[in-house]
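The residues making up each chain are set out below.
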Amino acid sequence: MKRRPGMSFEAFQDYYENHHAPLCEKYTSSGISRYVRRFLTPHPNPETGTNEELPFDVITELWFEDESLFRGTVKYLATSIMPDEVVEDEKRLFDRSKTRMATVIERESALTR
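Keep in mind it's a predicted model, so treat the numbers as computed, not measured.

Parameters at a glance
Residues numbered from 1 in each chain as written. Predicted model: local features only at pLDDT ≥ 70, side-chain atom pairs only at ≥ 80, totals over all residues. Heavy atoms only, no water. Core = buried A, V, L, I, M, F, W, Y, C linked by side-chain atoms within 4.5 Å. Buried < 20%, exposed > 50% of the residue type's maximum accessible area, 1.4 Å probe, protein only. Helix = DSSP H or I, 4+ residues; strand = E, 2+ residues; numbered from the N terminus. Contact = heavy atoms within 4.5 Å. Salt bridge = Lys/Arg side-chain N within 4 Å of Asp/Glu carboxyl O. Polar contact = N/O pair within 3.5 Å; in protein donor to acceptor, adjacent residues only side chain to side chain. Axes fitted to C-alpha atoms, helices over the stretch in contact; angles between N-to-C directions. Parallel < 35°, antiparallel > 145°, perpendicular 65-115°, else oblique. Nonpolar A, V, L, I, M, F, W, Y, C, P; charged D, E, K, R; others polar.

Asks: How do you make sense of the nonpolar core when you look at a structure like this?
Replies: Here is a general trend for soluble globular proteins: nonpolar side chains tend to be buried in one another's company. By size, the foremost hydrophobic cluster in this structure holds 14 residues, and its most contacted members are F12, Y16, V58, L93 and F94. Broken down by element, the residue count for this core peaks at 7 residues, all from helix α1 (residues 9–25). Not counting chain neighbours up to four residues away, the residues in contact with F12 comprise R3, M7, F39, D57, V58, L93 and F94.

Asks: Explanation requested: the pattern of salt bridges in the structure shown.
Replies: Working definition: two side chains of opposite charge can pair if their charged atoms are close together. Scanning the entire structure with this criterion turns up 12 salt bridges. Linking E53 and K2 is a salt bridge whose minimum nitrogen-to-oxygen distance equals 2.5 Å. With E53 in the loop between β1 (32–39) and β2 (58–64) and K2 in the segment before α1, this pair connects stretches of sequence that are 51 residues apart. The class of E53 is exposed, set by a relative accessible area of 54%. Across the salt bridge formed by R37 and E17, the nearest N and O atoms sit 2.8 Å from each other. Taken together, the positions of R37 in strand β1 and E17 in helix α1 put the pair 20 residues apart, joining distant regions of the chain. For E17, a relative accessible area of 30% corresponds to the partly exposed category. Three or more residues joined by partner-sharing salt bridges are found here, namely K2, R3, E53 and D57.

Asks: Got a minute to help me understand the environment of R4 in this structure?
Replies: Checked against the element boundaries, R4 lands in the segment before α1. A sequence separation of 77 residues divides R4 from I81, and the C-alpha atoms of the two residues are 19 Å apart. Once residues within four sequence positions are removed from consideration, R4 is found in contact with K91, R92, L93, F94 and D95. A distance of 2.6 Å separates a polar side-chain atom of R4 from the backbone oxygen of R92.

Asks: What is the right way to read the side chain of D95 from this model?
Replies: Counting through the fold element by element, D95 comes out in the segment after α3 (84–93). Here S97 takes part through its side chain, which lies 2.7 Å from a polar atom of the side chain of D95. Not counting chain neighbours up to four residues away, the residues in contact with D95 comprise K2, R3, R4 and P5.

Asks: Is there a simple way to explain the side chain of E61 in this structure?
Replies: By the element assignment, E61 lies in strand β2. Side chain to side chain, E61 and W63 meet in a polar contact 2.8 Å long. Apart from residues no more than four positions distant in its own chain, E61 is found in contact with R34, Y35, V36 and R38.

Asks: Explanation requested: the packing of α1 against α3 in the structure shown.
Replies: Two numbers describe a pair of packed helices, the interaxial angle and the distance between the axes. Closest axis-to-axis distance for the α1/α3 pair is 11 Å, and the angle between their directions is 175 degrees. Our classification of the angle between α1 and α3 gives roughly antiparallel. When α1 is examined against α3, the residues F12, Y15, Y16, H19, H20, L23 and C24 are found in contact with a partner set consisting of E85, V86, D89, E90, R92 and L93. In terms of residue class, the contact of α1 with α3 is built from 7 nonpolar, 2 polar and 4 charged.

In structure tokens, the structure reads:
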């Protein structure tokens, strides 16, 4: 997700952690085992040296204990409007037009030394 225009990254992170995340937690069902926010910090491009702002500021992860709960939640989030208080809070925090959702398939390599 991308912070709303005019909001500093520091203010974005503070508001998300201290207001938005606790608000969203009250709507979280019992089958969600983790609610993780990964705030992104851009680094210079190794070829050009430019350090441009990223198109997103945070990756929010929900971890599910059950496949059917996961599928139901994804369907709900993709086709429904969130509760009014969440939508209004998101407008204070995000550029909602830039919000994207994706399913992640994780693969890990066994590194040998």
